[in-house]
Amino acid sequence: MPIAIPFHRSHHGPREAEAVREVIASGHTGGGGAVGARVERVLRELLGVRHALLTTSCTHAMEACLLALGVGPGDEVIVPGFLYVSLAAAVARQGARPVFVDVEPERLGLDPAATEAAIGPRTRAIFAVHYGGMACRIDALLASGARHRIPVIEDAAQAFHSAAANGRALGSLGRAGCMSFHETKNVSAGEGGALFTDDDALARAAETIRDKGTDRAAAVRGEIAHYTWVSPGSSFTLSEVLAAILEVQLGARDEILRERERVAAAYRTLLVPLAARHELELAPEPAPGERFNRHIVHVLIPRGLDRDAIGRGMRARGVQVTAHFQTLHDSPYMRQTWPGEPPHLPVTADTCTRLLRLPIYPSLGDADVERVVAALAA
Ligand SMILES: Cc1ncc(COP(=O)(O)O)c(C=O)c1O
């Protein structure tokens, strides 16, 4: 049967096309222009941070951040076992070792006790991931970081517009936060990301790294007469074309998030009774004062059932669903680069084999949701 309900549908339309046309007509399509500056201002205000730097991806924001913090060979960075490869790759690219720590089973973020136990003399940073836009146990992790004087950085790739207790924006809580605007994210530029921080020195270092290791941005602001090469760097500035798409998406954020909330509520109505009958585990709801951005709707398939066979069965009924992360701590690249016994991460291993993601996007109707859940129950 053809796919009737795809896993993902882009939310880009005529308004984005018009914004791109305007940028092209302006003749300024590179990075570091007026549109990018406007988008950075909106992001600063939304997250309540002193600095927002648009980058070509969240992966690049994480690389810039690690480089700005001086993370290098011989260093260790604590990361959750249940993880998208970007962060592990960004750490390894600095020559540092990603130390995989198990996640807690509810929100699938770093387990604070296991994190505390993993901190050692070489630990240079703790990278906390907010899976699916659900706030991880960030306060306990921030407390660990403060006790050991180790920066906590947030991989808030999936967390645009989510908040921890007391409405604190995810991505704004650690020494720095990194976010993604990839095609699959709630608000998207196709590709793109951002780095957030209140730390002026970190922002200045990251701005230089983003611009080939030059102090060009300071020259553009008129702070210096000529720019020159002052540090290691790369080319991580977001094009004005993509910034223009993002600006439109940010303007539509309330509508996008409202529709995702509707879809998530429709799923919940149908999944709660199904879960009670079939030992299916559902994602938690936000605690009072928190906000989850409904980036992902996932279920954990009962142990003993074949998650992939269930996924294939749903696809045969026209519904496209997908698993998520593969374990990285025992991946070929880890084994080859840091040989030795991989760590024992039971919650990560269990989650990687049982988690199934269901479609969620603003144009998904309530009847579509019924069809997805019927296919899951079949
Ligand atoms: C948790 C997490 N971190 C990082 C990334 C990387 O984002 P980007 O594609 O913008 O580099 C993603 C992308 O899906 C992600 O889900």
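Draft legend 1. Just the overall build of the protein, in detail. When helices and strands are counted, the protein shows 14 helices and 12 strands. For 378 residues, the compact-globule estimate of 2.2 N^0.38 gives 21 Å, and the C-alpha radius of gyration of the protein, at 21 Å, lies within 12% of that figure. If one aligns the C-alpha atoms of the protein with their principal axes, the spans along those axes are about 70 × 55 × 40 Å. Put simply, the protein has 378 residues, and 46% of those count as buried. Considering only residue pairs separated by 6 or more positions, the protein has 69% of its internal contacts joining residues 24 or more positions apart.

Draft legend 2. Structural context of the site of the ligand. In the region of the ligand, 13 residues are neighbours, and Ser-57, Cys-58, Thr-59, Ala-157 and Ser-180 sit closest. Grouping the amino acids of the shell around the ligand by side-chain chemistry returns five nonpolar, seven polar and one charged.

Draft legend 3. Region of interest: the sheet that holds strand E12 (residues 355–358). Strand order in the open sheet formed by three strands is E10-E11-E12, with antiparallel pairing between adjacent strands. Edge positions in the sheet fall to strand E10 (281–282) and E12, since each has one partner strand and no second. Two elements, strand E11 (residues 297–300) and E12, share four bridges in a ladder whose sense is antiparallel. Paired with Val-299 across the bridge in E12 is Leu-356.

Draft legend 4. The arrangement of the domain arrangement of the protein in detail. The domains assigned to the protein are domain 1 (14–251) and domain 2 (253–377). On a C-alpha basis, the centres of domain 1 and domain 2 stand 25 Å from each other. Contacts between the two partners involve 33 residues from domain 1, matched on the other side by 29 residues from domain 2. Those elements giving two or more residues to the side of domain 1 that touches domain 2 turn out to be helix H4 (85–93), strand E3 (97–101) and strand E6 (163–164). Ranked by residues supplied to the side of domain 1 that touches domain 2, first place goes to H4 with three residues.

Each value, and the rule that gives it
- Residues numbered from 1 in each chain as written.
- Predicted model: local features only at pLDDT ≥ 70, side-chain atom pairs only at ≥ 80, totals over all residues.
- Helix = DSSP H or I, 4+ residues; strand = E, 2+ residues; numbered from the N terminus.
- Rg over C-alpha atoms; globule rule 2.2 N^0.38 Å.
- Buried ≥ 20, exposed ≤ 12 C-beta atoms within 10 Å, placed from the backbone.
- Contact = placed C-beta atoms within 7 Å.
- Near = placed C-beta within 6 Å.
- Nonpolar A, V, L, I, M, F, W, Y, C, P; charged D, E, K, R; others polar.
- Pairing = 2+ DSSP bridges.
- Domains from an automatic or database assignment.

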